[in-house]
Amino acid sequence: MTTHIPHWIDGRESPGASGRTAPVFNPATGTQTGEVDLASADEVDAAVARATAAAREWRQSSLSRRSAVLFAFRELLHQRTDELAALITAEHGKVLSDAAGEIARGLENVEFAAGVPQLLKGGFSEQAASGVDVYSIRQPLGVVAGITPFNFPAMVPLWMCANAIACGNAFILKPSEKDPSASLFLARLWQEAGLPDGVFTVLQGDKEAVDAILEHPGIAAVSFVGSTPIAKYIYETGTAHGKRVQALGGAKNHALVLPDADVDMAADAVVSAAYGAAGERCMALSVAVAVGDVADPLVDAIAVRLPKLSIGDGAAPGTDMGPLITREHRDRVAGYIGAGQEAGATVVVDGRDATVPGDGFFLGTTLLDNVTPEMTVYTDEIFGPVLGVVRVETYEEGLALINANQYANGTAIFTRDGGAARQFQFDVEVGMVGINVPIPVPVAYYSFGGWKDSLFGDTHMYGPEGISFYTRGKVVTSRWPDPATSSVDLGFPRTR
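A brief look at the structure comes next. (Residues numbered from 1 in each chain as written. Predicted model: local features only at pLDDT ≥ 70, side-chain atom pairs only at ≥ 80, totals over all residues. Heavy atoms only, no water.)

**Focus: the overall build of the chain**
Then comes step 1: In terms of regular secondary structure, the chain is built from 16 helices and 23 strands.
Then comes step 2: Rg of the C-alpha trace for the chain: 25 Å, near the compact-globule value of 23 Å for 496 residues, within the 12% margin.
Then comes step 3: C-alpha atoms of the chain, sized along the principal axes, occupy 85 × 60 × 40 Å.
Then comes step 4: Of all 496 residues assigned to the chain, the portion counted as buried reaches 56%. (Helix = DSSP H or I, 4+ residues; strand = E, 2+ residues; numbered from the N terminus. Rg over C-alpha atoms; globule rule 2.2 N^0.38 Å. Buried < 20%, exposed > 50% of the residue type's maximum accessible area, 1.4 Å probe, protein only.)

See the structure below:
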């Protein structure tokens, strides 16, 4: 029996009216477990109307009330982490500890947003001119939307909605149709926390819903995380319709391993970052750049760790890595392994040889050595458990390789040399840098985002830039003069 997964509009579940649905699978078993509604343009329009009415009321709420709702939501989410993690694992496939980890990182963003009374403080200048005061304020945009990917069905929505709601906006979430149930779970928690109906909306859907969101005149801003081609489309379409857009795209994250690095520590870090969540992370390390004579011991150290990883159902105790999201994606990733082998890469560990009982979408961990920049396993974002090793002779050669890549989301360096590490963070043309840290996702009070083809728009996500994205500035110049001094003056206003 499959579960029906509807929309969430105006504070309640709302079954779809389009007549279109999509199947939802458990990737660990390969069986269909649900059916999700797909919104039409008319349904998007109706939801925006409800959200617009809610936004008018919510923007007038006090900062103290907003903060109280955020704190209550945070407590509910913390208390029910295990329940939500199980839901994520059942539809995404990642192991339970990883699902709980993404919720924990999402909670950080809720905690940051709960400080909205401080975050929205403006500036004030008394006596900017004779009898004139000037002050700045930030106000909400109205109705904003988030289009989120399958790989983090809780964390990425929380990157967006916490700040958006704290700033006084109404937020519409269009989650991935591959694992949509987490979105409804969050909606119920928002309601239980005291958020007024209509301030948080869930529209399940596919491209039709996305296009309706991008084109709708009642939506002021759109946040997106996904692949680069779609991010570019989201940015171009949204901005063409007058919206503020932040669209985070793909990645090809490199780890530069210097000869002086602790090889065991580097291997542990690279394995964790390359194969966690079956490599389906935009911050996964997919390329290890080995400098000089560290290459052989690094490859050996990585290879010896891979057979020790347990691959299976993410809900089973002791599992290290679960399945990929769909059968089609699993086959696509396997195809990259064959393409790399044909192009001359050395297959040190072949994930195609892994066997897991049942009909799940599993692929084992793969390690490719002697990868070169022209191979598709290097140029493309594979988004699976495939790590390529590129050998270079010098730091300068490795740096040039990273800087030449079209993506610039995250990178890391492994070294004992503080000077080399500092020079790397100065030289590398990437948005997020880790020094002996394999997945440098910023804490919630900084902002997340890459450069080049990893970001379309000029605003990174969450943190201070998130607050700026979901508000607009206004400057007020005020005078309360003695009426007896009033006169007509057609000259340009002066402050001196």
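**Thoughts on the sheet that holds strand β17 (residues 386–392)**
Then comes step 1: With mixed pairing, seven strands are arranged side by side in an open sheet as β15-β16-β17-β14-β13-β19-β20. Each having just a single partner strand, β15 (346–349) and β20 (432–435) make up the two edges of the open sheet. On average, adjacent strands in this sheet sit at an angle of 20° to one another, irrespective of strand direction.
Then comes step 2: Two elements, strand β19 (residues 410–414) and β20, share four bridges in a ladder whose sense is parallel. Within β20, the position partnered with Gly410 by the bridge is Met432. (Pairing = 2+ DSSP bridges. Axes fitted to C-alpha atoms, helices over the stretch in contact; angles between N-to-C directions.)

**Some thoughts on the packing of aromatic side chains**
Centre-to-centre distance and the angle between the planes together describe a pair of aromatic rings.
Then comes step 1: Per the counting criterion, the structure on display carries 11 aromatic pairs.
Then comes step 2: Geometrically, the ring pair formed by Phe73 and Trp190 is stacked, given 3.7 Å between the ring centres and 5° between the ring planes. Of the two residues, Phe73 is situated in helix α2 (residues 63–79) and Trp190 in helix α7 (residues 181–192); the sequence distance between them amounts to 117 residues.
Then comes step 3: Each ring, one from Trp190 and one from Phe200, has its centre 6.2 Å from the other, and the planes form 35°; the classification is tilted. Within this pair, whereas Trp190 is found in helix α7, its partner Phe200 is found in strand β10 (residues 200–202), the two being separated by 10 residues in sequence. Taken individually, Trp190 and Phe200 each receive the classification buried, so the pair is uniform in this respect.
Then comes step 4: Here the aromatic residues Phe73, Phe171, Trp190 and Phe200 are joined through ring pairs into a cluster of three or more.
Then comes step 5: Positioned above the aromatic ring of Phe469 is the side chain of Arg244, whose terminal nitrogen or guanidinium carbon lies 6.0 Å from the ring centre. (Phe/Tyr/Trp six-rings, centres within 6.5 Å; stacked < 30°, edge-to-face > 60°. Lys NZ or Arg CZ within 6 Å of the ring centre and 35° of its normal.)

**What about a positive patch on the surface?**
Then comes step 1: There is a patch of like positive charges on the surface, built from Arg59, Arg138, Arg244, Arg472 and Lys474.
Then comes step 2: Here Arg138 shows up in strand β7 (residues 132–140).
Then comes step 3: Since its relative accessible area comes to 34%, Arg138 is described here as partly exposed. (Patch = residues over 30% accessible without salt bridge, like charges linked within 9 Å, V, L, I, M, F, W, Y side chains within 5 Å. Areas by Shrake-Rupley, 256 points an atom, 1.4 Å probe, with all protein chains shown as cover. Salt bridge = Lys/Arg side-chain N within 4 Å of Asp/Glu carboxyl O. Lys, Arg positive; Asp, Glu negative; His and termini not counted. Charge placed at Lys NZ, Arg CZ, Asp CG, Glu CD.)

**Remarks on the nonpolar core**
Then comes step 1: Of all hydrophobic cores here, the largest spans 69 residues; its most connected members are Phe171 and Phe200.
Then comes step 2: Counting residues per element, this core draws most heavily on helix α6 (residues 155–166), at 10 residues.
Then comes step 3: Among residues more than four places away in sequence, those in contact with Phe200 are Trp8, Cys161, Ile165, Phe171, Leu173, Ser183, Leu186, Ala187, Trp190 and Leu195.
Then comes step 4: Membership of the second largest hydrophobic core comes to 61 residues, among which are Val257, Leu258, Ala295 and Leu363. (Core = buried A, V, L, I, M, F, W, Y, C linked by side-chain atoms within 4.5 Å. Contact = heavy atoms within 4.5 Å.)

**Here's the deal with the side chain of Asn169**
Then comes step 1: Position of Asn169 relative to the elements: it lies in the loop between α6 and β9 (170–174).
Then comes step 2: Take Asn169: its relative accessible area is 0%, and that puts it in the buried class.
Then comes step 3: In this structure the side chain of Asn169 is engaged in a polar contact, spanning 2.9 Å, whose partner is the backbone nitrogen of Gly142.
Then comes step 4: One polar contact links the side chain of Asn169 to the main-chain carbonyl oxygen of Ala164, over a distance of 3.0 Å.
Then comes step 5: When neighbours within four sequence positions are excluded, Asn169 is seen to be in contact with Trp58, Pro140, Leu141, Gly142, Val144, Ala164, Val199 and Tyr470. (Polar contact = N/O pair within 3.5 Å; in protein donor to acceptor, adjacent residues only side chain to side chain.)

**Brief notes about the environment of Met321**
Then comes step 1: Position of Met321 relative to the elements: it lies in the loop between α11 (295–305) and α12 (327–343).
Then comes step 2: Accessibility expressed as a relative area gives 2% for Met321, which makes it buried.
Then comes step 3: Taking the C-alpha atoms as reference points, Met321 and Asp98, separated by 223 residues in sequence, lie 9.3 Å from one another.
Then comes step 4: Leaving out residues up to four positions away in the same chain, Met321 has contacts with Val95, Tyr275, Ala278, Ser310, Ile311, Gly312, Leu363, Gly364, Thr365 and Pro385.

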